[in-house]
Amino acid sequence: MKSLAIAAAAAVLLTAAPAAAQVALEANVAKSEGDWGAELGAGVSVISIGGFRITPGGGVFLADRDDDRYFLDSSATPAGCRDTETGNIVSDKRCDPDSTRLYARAEATFDVPLAGISVGTGARFMSGNLRPYGTISAAVLPLVNVKANAGPKYVAAGLQARF
């Protein structure tokens, strides 16, 4: 009996996922781990049943860290990135003017009937940190949504296209 239930559940999931597979592309302005930048991502809905959807994905976070406050001090022992205001050695990433970081994410969302919005939760893994967040989106065109994400040390807003 148990194997029959597992087989039935697998059949439902395997037949529902390909028919409902939907690609989502996103372009956001985001603040992550204290840096402002652009977030470009993509995902594929692997489960879509009724208004419920699970979408794993990934992308790239592009930030500009050009800040005159920090400089690479090669005369220090050991050499390192120095804060001009405090004189202290800080993380070397502060002296890197450009930052490109990959991220992976997964979202579970639900379309709210009659409200025209989708709400959900997600988790984003970047630079060794897993950050949970809430998400909300609303249609502005038939295939385009305005979307916002917010969680600890992460906030983003932009456009999402679903095909």
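Residue numbers here run from 1 along each chain, matching the order of that chain's written sequence. Owing to the predicted nature of the model, reporting of local features is limited to residues with pLDDT of at least 70; listing and counting of side-chain atom pairs is limited to 80 or more, with chain, interface and lining totals taken over all residues. As a rule here, side-chain values cover all heavy atoms of the structure and leave hydrogens and water aside.

A.B. asks: Can you lay out the pattern of salt bridges for me, pointing to particular residues and giving the numbers?
C.D. replies: By salt bridge we mean one thing: a side-chain nitrogen of Lys or Arg within 4 Å of a carboxyl oxygen of Asp or Glu. Enumeration according to the criterion identifies eight salt bridges in this entry. Across the salt bridge formed by Arg82 and Asp73, the nearest N and O atoms sit 2.7 Å from each other. In this pair, the class of Arg82 matches that of Asp73, namely buried. For Glu107, the salt bridge is made with Arg105, and the minimal N-O distance between the two is 3.8 Å. Its relative accessible area of 4% is what places Glu107 among the buried residues. Note on exposure labels: buried denotes an accessible area under 20% of the residue type's maximum, exposed denotes more than 50%, and partly exposed covers the range between, all computed with a 1.4 Å probe on protein chains only. By relative accessible area, which is 8% here, Arg105 ends up buried. Members of the salt-bridge network, linked through shared partners, are Glu26, Arg105, Glu107 and Lys147.

A.B. asks: Just give me the short version of the layout of surface pockets, but keep the residues and values in it.
C.D. replies: In this model, the largest pocket occupies a volume close to 300 Å³. Note on definitions: the grid is 1 Å and covers protein atoms alone; a cavity is a set of points where a 1.4 Å probe fits but cannot get out; a pocket is an open set with protein on both sides within 12 Å along at least five of seven lines; lining residues have an atom within 4 Å of a point. Around the largest pocket, the lining comprises 21 residues; the ones closest to its centre are Arg53, Asp111, Ser137, Asn145 and Arg162. Going through the elements one at a time, β8 (98-112), β9 (117-126), β10 (129-141), β11 (144-151) and β12 (154-162) are the ones with two or more residues in the lining of the largest pocket. Only runs of H or I of at least four residues qualify as helices and only runs of E of at least two qualify as strands under DSSP, and these elements are numbered from the N terminus. The dominant element in the lining of the largest pocket, judged by the number of residues it contributes, is β10, at five residues. For this scheme, ten residues count as nonpolar: Ala, Val, Leu, Ile, Met, Phe, Trp, Tyr, Cys and Pro. Four count as charged, namely Asp, Glu, Lys and Arg, and the remainder, Gly too, count as polar. For the lining of the largest pocket, the residue count by class is eight nonpolar, eight polar and five charged. Grid points are joined across faces, edges and corners, and a volume is the space filled by probe spheres set on the points.

A.B. asks: Explain the sheet that holds strand β5 (residues 70-73) residue by residue, including any values.
C.D. replies: Ordered by their spatial adjacency, three strands build an open sheet running β5-β6-β7, and the pairing between neighbours is antiparallel. The open sheet has two edge strands, β5 and β7 (89-90), and neither has a second partner. Two strands are said to pair when DSSP picks up at least two bridges between them. Pairing between strand β6 (residues 80-83) and β7: two bridges, direction antiparallel. Looking at β7, one finds that Cys81 is bridged to Val90.

A.B. asks: A description of empty space enclosed by the protein should follow, citing residues and the corresponding values.
C.D. replies: For the structure on display, the rule yields one cavity of 30 Å³ or more. Taken as a whole, the largest cavity holds about 30 Å³ of empty space. Surrounding the largest cavity, Glu26, Asn28, Glu39, Tyr103, Arg105, Arg124, Tyr133, Asn149 and Tyr154 form its lining. A breakdown of the residues in the lining of the largest cavity according to their chemical character gives three nonpolar, two polar and four charged.

A.B. asks: Let's hear about the environment of Val144: which residues, and what values?
C.D. replies: Here Val144 shows up in strand β11. Note on Val144: relative accessible area 22%, which makes it partly exposed. Separated by 119 residues in sequence, Val144 and Leu25 place their C-alpha atoms 9.5 Å apart. In contact with Val144, other than residues within four places in its own chain, are Ala138, Ala139, Leu159, Gln160 and Ala161. Residues are treated as being in contact if the distance between any of their heavy atoms lies within 4.5 Å.

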